[in-house]
Amino acid sequence: IVVATSLLVGAIFVVAGHNATIVRAQEHPALSEAHMQRIVANCVSAKASLQQLRSNDVSLRVNRGQLYEYISAKLMARFNGRAALNRLNNAQMVTSAAEFERLLANFRVAYQHYATAVTDVLETDCRKNPQDFYYRVIEARDKRSEVHQLVLRLAQGVNEYHGMFIVLMDDYTRALNGLGGEANG
């Protein structure tokens, strides 16, 4: 993600120029003639960088998506089912797993929006429409930022679930030791 982010940021600054003011795509202020000339002059390299970014992001998305699916379906769901079967109090873990699943669904949607935005950028003729190209790059960057925020929240969800797992296992171990100690005493 760091390499891919660097490529996108690099592409934006190649397109926008070193002293670019970062604006949201929705604002659409008119670009100066000099700014548009820089976009046209760097069009080929910017598109090549964006194409590389898209290529890298596809494999990252597949790998992350598979990992998140595995965590949700194979680890969280199975453990929660087993804990419930054994009458362990794991209500917080069930809630955490449900939140993780919700974030995962949001990640899928956000990534699709991002992929569409990158495709829109790549399909824009930056030589004929430098202003459209610029604002589509900004929109793609914003969509990528949304994906990144969801990745951070998913990682946080995994860490929180792991913390709850540790607490549950510690409580379970103490309970087992307590039962064994009373039986032996």
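What you see is a predicted model; the values in this text were computed from it and never measured.

Enquirer: If you had to explain the overall build of the protein to someone new, which residues and values would you point to?
Expert: Check the secondary structure of the protein and you find five helices and zero strands. Counting helices and strands in the order they occur from the N terminus, the protein gives α-α-α-α-α. Considering only residue pairs separated by 6 or more positions, the protein has 84% of its internal contacts joining residues 24 or more positions apart. For the protein, the accessible surface area stands at approximately 11,000 Å², while carbon and sulfur atoms represent 56% of it.

Enquirer: So what about the packing of helix α3 (residues 43-85) against helix α4 (residues 91-123)? Which residues, and what values?
Expert: The description of two packed helices rests on the angle between their axes and on the distance between the axes. With their axes 11 Å apart at the nearest point, α3 and α4 run at an angle of 165° to one another. When the interaxial angle is binned, α3 and α4 end up roughly antiparallel. Seen from above, α3 lies across α4 with left-handed handedness.

Enquirer: So what's going on with a nonpolar patch on the surface? Residues and values would help.
Expert: Together, Tyr172, Leu176 and Leu179 give the surface a local cluster of nonpolar side chains, amounting to about 300 Å² of exposed area. Note on placement: Leu176 falls in helix α5 (residues 130-184). Accessibility expressed as a relative area gives 43% for Leu176, which makes it partly exposed.

Enquirer: Provide a residue-level description of helix α2 (residues 33-41), including the pertinent values.
Expert: Three or more residues of α2 are buried, namely His35, Met36 and Ile39. Viewed along the axis of α2, the buried residues span an arc of 95°, placing them on a single side of the element. Opposite the buried face of α2, at more than 90 degrees from it, the exposed residues are Glu33 and Ala41.

Enquirer: Give a description of the side chain of Asn90 that names residues and reports values.
Expert: Looking at the element boundaries, Asn90 is found in the loop between α3 and α4. Asn90 sits in the buried class, given a relative accessible area of 7%. Setting aside anything within four residues of it in sequence, one finds Asn90 in contact with Asn80, Ala83, Ala84 and Leu168.

Enquirer: Account for the state of the cysteines, with residues named and values stated.
Expert: The bond known as a disulfide is covalent and runs between the sulfur atoms of two cysteines. As enumerated under the stated definition, the model contains one disulfide in all. Shown here is the disulfide that connects Cys43 with Cys126, its sulfur atoms set 1.6 Å apart. Taking the sign of the S-S torsion, 65° for the link of Cys43 and Cys126, the bridge is right-handed. Taken as a pair, Cys43 in helix α3 and Cys126 in the loop between α4 and α5 lie far apart in primary sequence, 83 residues in all.

Enquirer: Mind laying out the pattern of salt bridges, listing which residues take part and the relevant values?
Expert: On inspection of all chains with the given rule, the structure shows six salt bridges. A salt bridge links Arg144 to Asp57, with the shortest nitrogen-to-oxygen separation between them at 2.8 Å. Here Arg144 is found in helix α5, whereas its partner Asp57 is found in helix α3, with 87 residues between them in sequence. Among the residues examined, Asp57 registers a relative accessible area of 3% and is labelled buried.

Enquirer: With reference to specific residues and values, describe the environment of Lys128.
Expert: Mapped onto the elements, Lys128 comes out in the loop between α4 and α5. In the structure, Lys128 is positioned 88 residues away from Val40 in sequence and 8.0 Å away in space, judged by C-alpha atoms.

Enquirer: How would you summarise the packing of aromatic side chains if you had to cite specific residues and measurements?
Expert: Counting across every chain of the model gives five aromatic pairs. By way of ring pairs, the aromatic residues Tyr68, Phe100 and Phe107 are connected into one cluster. We note Arg61 situated over the ring of Tyr111; from NZ or CZ to the ring centre the distance is 5.8 Å.

About the thresholds
Residues numbered from 1 in each chain as written. Predicted model: local features only at pLDDT ≥ 70, side-chain atom pairs only at ≥ 80, totals over all residues. Heavy atoms only, no water. Helix = DSSP H or I, 4+ residues; strand = E, 2+ residues; numbered from the N terminus. Contact = heavy atoms within 4.5 Å. Areas by Shrake-Rupley, 256 points an atom, 1.4 Å probe, with all protein chains shown as cover. Axes fitted to C-alpha atoms, helices over the stretch in contact; angles between N-to-C directions. Parallel < 35°, antiparallel > 145°, perpendicular 65-115°, else oblique. Left-handed = near helix turned anticlockwise from the far one by under 90°. Patch = residues over 30% accessible without salt bridge, like charges linked within 9 Å, V, L, I, M, F, W, Y side chains within 5 Å. Salt bridge = Lys/Arg side-chain N within 4 Å of Asp/Glu carboxyl O. Buried < 20%, exposed > 50% of the residue type's maximum accessible area, 1.4 Å probe, protein only. Arc of directions from axis to C-beta. Disulfide = S-S within 2.5 Å. Phe/Tyr/Trp six-rings, centres within 6.5 Å; stacked < 30°, edge-to-face > 60°. Lys NZ or Arg CZ within 6 Å of the ring centre and 35° of its normal.

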